[in-house]
Amino acid sequence: MDADVVLQLNDLLRVRLPTSSPSDRPLQRAAKEPRFRGPSPAIVYEDEHLLVLDKPAGVAVQPGTGHVDDSICDWLAVRHAPATAGSFVPVPVHRLDRWASGVLLIAKTRRDARELSAALREGALAKSYLVLATGVVTEAEGCIELPLSGKDAAPGHAADPALTRYRVLGRHPAATLLECRIEHGRNHQIRRHLAAIGHPVAGDRRHGDVEANAELQRRFGLRRLFLHAVELTLPGGGDARSVSAPLPAELERVLAALRLRR
């Protein structure tokens, strides 16, 4: 039918449908080429089942709102694209906040992810964090046991068990250096637990102390979240393997300004 024909009331049209369905035709749009733009993580350890990275602060683990081609998963897709034709799907085994840094465990298959997640639940896979808490933590060591709800939990959802153990490594009138170990690994667990006892993580813009953060930035140069996953103990058939990530230079400078030694 010509494009300039004007249809009238009660006109009949005959439509001829194609014999093949759209699914029978070749795809016209090529798959997205893996890309990554952002600071690259360092590889701390790798074997046939897993990969341990030293994640820089400011890099998200997974893609999300506001993150395009700049997550750890994007970096992994680029790194593995030549060998897998872009089909590699990384499986992060645990969380690490965007503005935190340090060791991050990635499983290479979903089966590996299930086994490593089970090891994490059973305590065979341990994580240690270096944390600068605002104020003076008086106890030499302690345990915070406070149930936490997930960030996407529905109203009325029961909070999940969460436990954080800490010990003091050094004190300054403005802040305390802690080593923290967690069980369960809930969303923002260390940040929320330390905030609950009145000593939020230094540099934490969401759960922290605004005035204390401003003072730590002005006097000691802290411009990020002081939360670093320093060590990860991997299960290994009776021989535990520990891998670590050095404290970033910008955090070492803050400790030097505070005259805190680890």
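Details of the structure are given in the entry above.
The sections below set out a description of the structure shown in this document. (Residues numbered from 1 in each chain as written. Predicted model: local features only at pLDDT ≥ 70, side-chain atom pairs only at ≥ 80, totals over all residues. Heavy atoms only, no water.)

## Overview of the overall build of the protein
Inference 1: Looking only at helices and strands, the protein has 5 helices and 10 strands in total.
Inference 2: Among the 262 residues that make up the protein, the fraction classed as buried is 42%.
Inference 3: In the protein, the proportion of contacts linking residues at least 24 apart, taken out of those at least 6 apart, comes to 60%.
Inference 4: As presented, the protein carries roughly 15800 Å² of accessible surface, and 50% of it is formed by carbon and sulfur atoms. (Helix = DSSP H or I, 4+ residues; strand = E, 2+ residues; numbered from the N terminus. Buried < 20%, exposed > 50% of the residue type's maximum accessible area, 1.4 Å probe, protein only. Contact = heavy atoms within 4.5 Å. Areas by Shrake-Rupley, 256 points an atom, 1.4 Å probe, with all protein chains shown as cover.)

## Description of helix 4 (residues 210–220)
Inference 1: When we look at burial in helix 4, the residues that qualify are Asn213, Leu216 and Phe220. Mapping the buried residues of helix 4 onto a view down its axis gives an arc of 80°, with all of them on the same face. For helix 4, the exposed residues set more than 90 degrees away from the buried face come down to Val210, Glu211 and Arg218.
Inference 2: By the N-cap criterion, in which a side-chain oxygen at the helix start approaches the backbone nitrogen of a residue two or three places on, helix 4 is capped by Asp209, the distance to Glu211 being 3.0 Å.
Inference 3: Of the residues flanking the end of helix 4, it is Gly221, one or two places downstream, whose phi is positive at about 80°. (Arc of directions from axis to C-beta. Polar contact = N/O pair within 3.5 Å; in protein donor to acceptor, adjacent residues only side chain to side chain.)

## Thoughts on the environment of Val44
Inference 1: Residue position: Val44 is located in strand 1 (residues 42–46).
Inference 2: With relative accessibility at 30%, the residue Val44 sits in the partly exposed group.
Inference 3: Look past the residues within four positions of Val44 in its chain and what remains in contact with it is Val52, Leu53, Asp54, Val243 and Ser244.

## Quick notes on unusual backbone geometry
Inference 1: Even without being a glycine, His188 presents a positive backbone phi close to 55°.
Inference 2: Structurally, His188 is set in the loop between strand 8 (175–183) and helix 3 (189–196).
Inference 3: The exposure class assigned to His188 is buried, which follows from its relative accessible area of 13%.
Inference 4: A positive phi is found at Arg259, a non-glycine position, where the angle reads about 60°.
Inference 5: Examined against the element boundaries, Arg259 turns out to sit in the segment after helix 5 (249–258).

## As for helix 3
Inference 1: Every buried residue belonging to helix 3 is among Gln189, Ile190, Arg191, His193 and Leu194, and all of these are buried.
Inference 2: Of the surrounding secondary structure, the elements contacted by the buried residues of helix 3 are strand 5 (126–134), strand 6 (141–145), strand 7 (163–172), strand 8 and strand 9 (227–234).
Inference 3: Of the residues one or two after helix 3, Gly198 is the one with positive phi, at around 85°.

## Observations regarding the side chain of His94
Inference 1: Note that His94 resides in the loop between strand 3 (91–92) and strand 4 (101–107).
Inference 2: When sequence neighbours within four positions are dropped, the list of residues in contact with His94 reads Val103, Leu104, Leu105, Leu120 and Lys127.

## Some words on the pattern of salt bridges
Inference 1: Evaluated as defined, the whole model comprises 13 salt bridges.
Inference 2: Of the charged contacts in the structure, one is a salt bridge between Glu215 and Arg218, with a shortest N-O distance of 3.1 Å. Taken together, the residues span about one helical turn, with Glu215 and Arg218 both in helix 4 at a distance of 3 residues.
Inference 3: A residue is classified by how much of its surface remains accessible, and Arg218, at 61% relative accessible area, is exposed. (Salt bridge = Lys/Arg side-chain N within 4 Å of Asp/Glu carboxyl O.)

## Some points on the nonpolar core
Inference 1: Counting 43 residues, the largest nonpolar core has Leu105, Tyr129 and Ile190 as the members making the most contacts within it.
Inference 2: The biggest single contributor to this core is strand 4, with 5 residues.
Inference 3: Once residues within four sequence positions are removed from consideration, Ile190 is found in contact with Tyr129, Val131, Thr164, Cys180, Ile182, Val201 and Leu227. (Core = buried A, V, L, I, M, F, W, Y, C linked by side-chain atoms within 4.5 Å.)

## Things to note about the layout of surface pockets
Space left empty within the atom packing is revealed by a probe, the size of a water molecule, rolled over the atoms.
Inference 1: Quantified by volume, the second largest pocket comes out at close to 590 Å³.
Inference 2: For the second largest pocket, the lining is made up of 26 residues, of which Lys127, Ile182, Glu183, His184 and Gly185 are closest to its centre.
Inference 3: Breaking the lining of the second largest pocket down by element, the ones donating at least two residues are helix 2 (110–122), strand 5, strand 8 and helix 3.
Inference 4: Considering only residue class, the lining of the second largest pocket consists of 9 nonpolar, 8 polar and 9 charged. (1 Å grid on protein atoms, 1.4 Å probe; cavity = no way out; pocket = protein on both sides within 12 Å on 5 of 7 lines; lining within 4 Å. Points joined across faces, edges and corners; volume = space filled by probe spheres on them. Nonpolar A, V, L, I, M, F, W, Y, C, P; charged D, E, K, R; others polar.)

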